[in-house]
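The lines below spell out each chain.
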Amino acid sequence: MNYLLLTPAFLLILLVFVLPLIRYSWMSMHSISVITGLDYIPNNGSNWIRLLNDDRFWRDTIQTIRFAAFSVSIEIVLAIIIALLLSQRIKGKGILRTISLLPWALPTTIMALGWRWIFNTPYGPIDQISSLIGFGTLDILSNPDLAWIATVIGDVWKTTPFVALIILAGLQTIPSDLYEAFKMEGGSPLQSFIKITLPLLKPYILLSLVFRLAQAFGVFDLIQVMTGGGPASSTESIAIYAYLNAMRFLDFGYSATIMIASFILLITICLFTWIFYNKLKSKLSI
Amino acid sequence: MKSRITKLLISSFTTLLLPMQSIKADDISSKTINILMPAPFADSTSYLINEYNTKHKNHKKIKVTRGPLETEAMSDLAISSLLLGNSPYDIVLIDVTWLPKYAKAQWISDLSLWFTKEEAKALASGAKLGNYFEGKLYRWPLVADMGLLYWRKDLMDKPPKTPRELIKISKNLQEKGKVKYGYVWQGRQYEGLSCVFLEVINGFGGNWIDHKGEPNLNTKNSYKAVSWLKELITEGISPKSVTNFSEPEALQIFESGEAAFMRNWPYAWAELNKDKSKVKGKVGVTVMVAENNNLATATLGSWGFSILSSSKNKLESSTVIKYLTSSSSQNYLFKKYGYTPTNTDVLKDKVLTIKYPILSSLEKGLSVAKPRPQSPLYAQMSDILQRSLSSILTNKSSIDEEMNRANKSTKDIILSAGK
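Residues and elements named next belong to chain B. When its domains are assigned, chain B resolves into domain 1 (25–145 + 301–358) and domain 2 (148–299 + 377–416). Between the C-alpha centres of domain 1 and domain 2 there is a distance of 29 Å. When the area that domain 1 buries against domain 2 is broken down by residue, the three leading residues are Thr97, Asp145 and Ile358, summing to 61%. Inspection of the region where domain 1 meets domain 2 yields zero residue pairs in polar contact (both at pLDDT 80 or more). Residues of the side of domain 1 that touches domain 2, tallied by class, amount to one nonpolar, three polar and three charged.

Glancing now at the packing of aromatic side chains. Applying the stated rule across the entire model yields 25 aromatic pairs over all chains. When the centroid spacing of 5.9 Å and the interplanar angle of 75° are considered together, the rings of A:Trp115 and A:Trp157 count as edge-to-face. Of this pair, A:Trp115 sits in helix α5 (residues 108–118) while A:Trp157 sits in helix α7 (residues 147–171); the two residues are 42 residues apart in sequence, bridging distant segments of the chain. For A:Trp115, a relative accessible area of 12% corresponds to the buried category. Ring centres of B:Tyr337 and B:Tyr339 lie 6.0 Å apart, and the angle between their planes is 45°; this geometry places the pair in the tilted category. A residue is classified by how much of its surface remains accessible, and B:Tyr337, at 33% relative accessible area, is partly exposed. Ring pairs connect the aromatic residues B:Phe41, B:Tyr47, B:Trp98, B:Tyr102, B:Trp107, B:Trp303, B:Tyr332, B:Tyr337 and B:Tyr339, which therefore count as one cluster. The aromatic ring of B:Phe115 is capped on one face by B:Lys322, whose charged end is 5.0 Å from the ring centroid.

A few words on the packing of helix α3 (residues 55–86) of chain A against helix α11 (residues 238–248) of chain A. Residues and elements named next belong to chain A. Two elements in contact, α3 and α11, have axes separated by 8 Å at closest approach and are oriented at 140°. Taken together, the axis directions place α3 and α11 in an arrangement best described as oblique. Each of Arg56, Phe57, Asp60, Thr61 and Thr64 in α3 lies in contact with α11, whose residues at this interface are Ile238, Tyr241 and Leu244. Of the residues assigned to the contact of α3 with α11, the class counts are four nonpolar, two polar and two charged.

What counts and what doesn't
Residues numbered from 1 in each chain as written. Chains lettered and ligands numbered in written order. Predicted model: local features only at pLDDT ≥ 70, side-chain atom pairs only at ≥ 80, totals over all residues. Heavy atoms only, no water. Domains from an automatic or database assignment. Buried area = accessible area lost by both parts, 1.4 Å probe. Polar contact = N/O pair within 3.5 Å; in protein donor to acceptor, adjacent residues only side chain to side chain. Nonpolar A, V, L, I, M, F, W, Y, C, P; charged D, E, K, R; others polar. Phe/Tyr/Trp six-rings, centres within 6.5 Å; stacked < 30°, edge-to-face > 60°. Helix = DSSP H or I, 4+ residues; strand = E, 2+ residues; numbered from the N terminus. Buried < 20%, exposed > 50% of the residue type's maximum accessible area, 1.4 Å probe, protein only. Lys NZ or Arg CZ within 6 Å of the ring centre and 35° of its normal. Axes fitted to C-alpha atoms, helices over the stretch in contact; angles between N-to-C directions. Parallel < 35°, antiparallel > 145°, perpendicular 65-115°, else oblique. Contact = heavy atoms within 4.5 Å.

Structure follows, in structure tokens:
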């Protein structure tokens, strides 16, 4: 009976997750492109051989991991700080919480366009300020070594509120008498943060880590709008490459291969995060 | 208890299946002629379409779907609808570079049944290009579009003709402090960069893809073209940030009077002559610089109507296309929205030319228009070129190394397609 009640949810997952995955795996074993007239022609895994030898795919993988690692870790640190502030007993807490969620509520394309103009040279505010104080223009979006940092900033700005929300929920599960008892024993606020808050927040941090890693690994709209993958392809992510192959080149077989490969990579990364977390847990014996 | 749970399960299944019913919605589509166009085109043609719908009471009504503004986003929408099969549209307004791909995928149908050779002859020479694939007519042009060189009439007597002259005039004006930058163009890693490059490589006597279908990116003339673009940046003629410029960024600098030259499409003309523009009435339009006059080239970027293979209203669709691209419609679209006409009689209309002198510049631009390589693999070729150019312009790699690589990759792509 219990399982019967779960069937609708299970069917939904089957429909939107498992089926596409099976279909894409199957597509990745075929040539399906404008050249084949979009017919499915089995090609004995030559898509996969092409992928293994595709420098561009591996370069995009490294760039995607770089983007995900930096944006997610900055987001989590910032989110803890913001959540701590928002959990204080202050006036207008409700309004502050709502306002802090705004960046997350904005459509990514719109805010990415905003960031593109903020980093614009020479009219964007950032370059205006730097020219004003004598540093000249920064040309961030046209510099292959720096443009990715701009995309990280855009992502951090947008998704920190989401992480903060999860952490805030975590903070509220910590009973306040724990802090009171700790204070009576003579613990400082910093000590209570390290000894109580952080350990008890760990499950929430892990949750947001997995959530955000999965999202950041599939980053598309933000980069597509801000830089289009350039300059010199320095910001191109795996998702953009898969999109190019499917929608621009009409090479669906190879696009499916890229997506399945990135799925495998993502699962591996999440698995490592999990193992690392468990090791940390047993070490600290929390 | 059990029956309640069964009810609950049934209701949740129906909720899951409900969205699937909407797929059957194409019943309405046979009662109207459905056109998918980017939003700006939907706006500009709305008057013409209303007129058609009220005048032809016994015809099927035209229904326009407003697509996205950006060219590539529009392509994504069109392709998604085509891939799902049973596309709700009869007519799609398509960009010149999509045609070979769409034709090869058999999404669009041969129009020669409805459009005669005489009608095709009435098109301006530049507008004739980019409508055919493997000898068949697949598209009828609504508006011609080509790359133009905008120049400041208040700063010089006549525009430069050669790449050297452009640099010389720019430097001179920059040294005198008349403008901050010489020349602004589209240097971002996207389709616009390929358009810019096609004009420059042709201007230096080279070719992107030659008449045999072979890439010519590692030739002397190609190197000269890339070096010139790079020189623009290193010499400060163009701002360093030009490597992230698309059309709006270039337009903004030129519009605020900070540059002497700009490469852009005809739409910029109307923008530059609006009241908020600082260069209103000070701008001239000419063709792109080239080492000699015969080589001057304008990248063709026109939009035209195609009838989808899946349409059940092909004959009526062709009537609608003829109406929307008729000389009187073109006359209206040019006067009201500055759309470059594709029919020779409108383009060379004497009365119109006297009233709108820009028409002769547009005609000149269109006469040297060249399409980008016409291949179903064009998107891949352009992507390779954009990556390499962006890499060179941002000092990530050297010209000959990168252009050799681009040439080889392009060759590989063509080979892998078995042609």
